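Reading the structure
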Amino acid sequence: AQSVTQPDIHITVSEGASLELRCNYSYGATPYLFWYVQSPGQGLQLLLKYFSGDTLVQGIKGFEAEFKRSQSSFNLRKPSVHWSDAAEYFCAVGSETGANNLFFGTGTRLTVIP
Amino acid sequence: NAGVMQNPRHLVRRRGQEARLRCSPMKGHSHVYWYRQLPEEGLKFMVYLQKENIIDESGMPKERFSAEFPKEGPSILRIQQVVRGDSAAYFCASSPQGAPDTQYFGPGTRLTVL
């Protein structure tokens, strides 16, 4: 069965610092992986996705993620964080049954300090 | 192109009442998914529908919950005889085709049961 682990519940970084949010997944076949961002009281916005091909994926807002099959990881990175990046970040993996539902991690809350 | 629309954005019900949540997918999207997000948790899949068909309802509670996506009109998630534990944010997502397509999320309906 699929599962997603986001080991960091809450991360605080200074504005301008680099960021890495961890995501580990459990999946039987080639995973379909996503990162979404949720601002308070809002819905989820897609940051980036990995289906196949190049393991380094570029997304919106300057984010990128790297798929590492050997580590079952899909960590999200940004070289320089902006105050507007403060939000909740969710990693998700696509279903192996073909029914298309996503399995989400519990999220990482990012706080950005000036 | 308007995004996924959900209404109402906030819904307050007393225990025992019915809650009806509506979701209009993005134009051209024929696949709809419903997820529930409990406080401090990630999203949990509930049901996946195509027009006039429930494809996967493995995440739906066995009682009181139902969903439909009629030929015309929005998808409806219906919760009968609500209880306090139903208080959550309910998100709808849509995609133009099945797996492994990207799901686009609406802003959610926040249900509060008094």
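Residues numbered from 1 in each chain as written. Chains lettered and ligands numbered in written order. Predicted model: local features only at pLDDT ≥ 70, side-chain atom pairs only at ≥ 80, totals over all residues. Heavy atoms only, no water.

1. What to know about the state of the cysteines
Under the convention used in this document: Disulfides are defined as pairs of cysteine sulfur atoms found within 2.5 Å of each other. Under the scheme used here, helices are H or I runs from DSSP no shorter than 4 residues and strands are E runs no shorter than 2 residues, and both carry numbers assigned from the N terminus. Think of it in three bands: with a 1.4 Å probe and only protein chains considered, a residue is buried below 20% of the maximum accessible area for its type, exposed above 50%, and partly exposed in between.
The full count for this structure, using the stated rule, is two disulfides over all chains. Linked covalently through their sulfurs, A:Cys23 and A:Cys91 form a disulfide whose S-S length is 2.0 Å. Disulfide A:Cys23-A:Cys91: the torsion about the S-S bond is -65°, which places it as left-handed. Placement of A:Cys23 in the loop between strand S3 (19-21) and strand S4 (24-26) and of A:Cys91 in strand S10 (residues 87-94) is noted, with a sequence separation of 68 residues between them. A:Cys23 gets classed as buried once you look at its relative accessible area, which sits at 0%. Each disulfide pairs two cysteine sulfurs, and for B:Cys23 the partner residue is B:Cys92, the sulfurs being separated by 1.7 Å. In this structure, the disulfide formed by B:Cys23 and B:Cys92 twists by about -50° around the S-S bond and is classed as left-handed. Of this pair, B:Cys23 sits in strand S3 (residues 19-24) while B:Cys92 sits in strand S9 (residues 88-95), placing them 69 residues apart in sequence. We note that B:Cys23, like B:Cys92, is buried.

2. A closer look at the packing of aromatic side chains
How we decide: Any pair of Phe, Tyr and Trp rings, taking the six-membered ring for Trp, is counted once the centres come within 6.5 Å. Such a pair is stacked with planes under 30 degrees apart, edge-to-face with planes over 60 apart, and tilted for the rest.
Scanning the entire structure with this criterion turns up 15 aromatic pairs over all chains. Centroid distance A:Phe104 to B:Phe105: 5.9 Å. Interplanar angle 80°. Geometry classified as edge-to-face. Residue A:Phe104 is found in strand S11 (residues 102-104), and its partner B:Phe105 is found in strand S10 (residues 104-105); the two belong to separate chains. On the basis of an interplanar angle of 10° and a centroid distance of 4.8 Å, the ring pair of B:Tyr33 and B:Tyr48 is categorised as stacked. Of this pair, B:Tyr33 sits in strand S4 (residues 31-37) while B:Tyr48 sits in strand S5 (residues 43-50), and the two are 15 residues apart along the sequence. Here B:Tyr33 and B:Tyr48 have matching classes, each one buried. An aromatic cluster is defined as three or more aromatic residues linked by ring pairs; in this entry it consists of A:Tyr32, A:Phe34, A:Tyr36, A:Phe51, A:Phe90, A:Phe104, B:Tyr35, B:Phe45 and B:Phe105.

3. Here we look at the pairing of strand S8 (residues 64-68) of chain A
Along a regular strand, successive side chains alternate from one face of the sheet to the other. Residues and elements named next belong to chain A. As a reminder of what qualifies: Should DSSP find at least two bridges between two strands, the strands are taken to pair.
In this sheet, S8 lies alongside strand S7 (residues 56-58) in antiparallel orientation, the contact comprising three bridges. Residue pairing across strands places Gln58 opposite Glu64, the latter belonging to S8. Once S7 ends, the chain turns through five residues before running back antiparallel as S8, passing Lys61 with a positive phi of about 60°. Bridge count for S8 against strand S9 (residues 73-78) is five bridges, and the pairing is antiparallel. If you follow Phe67 over to S9, its bridge partner there is Phe74.

4. Concerning the layout of surface pockets
Put simply, the test is: Buried and open spaces are told apart on a 1 Å grid over the protein atoms alone, a cavity being a set of points where a 1.4 Å probe fits but cannot get out and a pocket being an open set with protein on both sides within 12 Å along at least five of seven lines. Residues with an atom within 4 Å of a point are the lining residues. Grid points are joined across faces, edges and corners, and a volume is the space filled by probe spheres set on the points.
Estimated volume of the largest pocket: approximately 440 Å³. As for the largest pocket, its lining consists of 21 residues, of which A:Gln38, A:Glu88, A:Arg109, B:Gln37 and B:Glu40 are closest to the centre. Of all the secondary-structure elements, those providing two or more residues to the lining of the largest pocket are S10 and strand S12 (108-113) of chain A. Per element, the largest residue contribution to the lining of the largest pocket is three residues, and it comes from S10(A).

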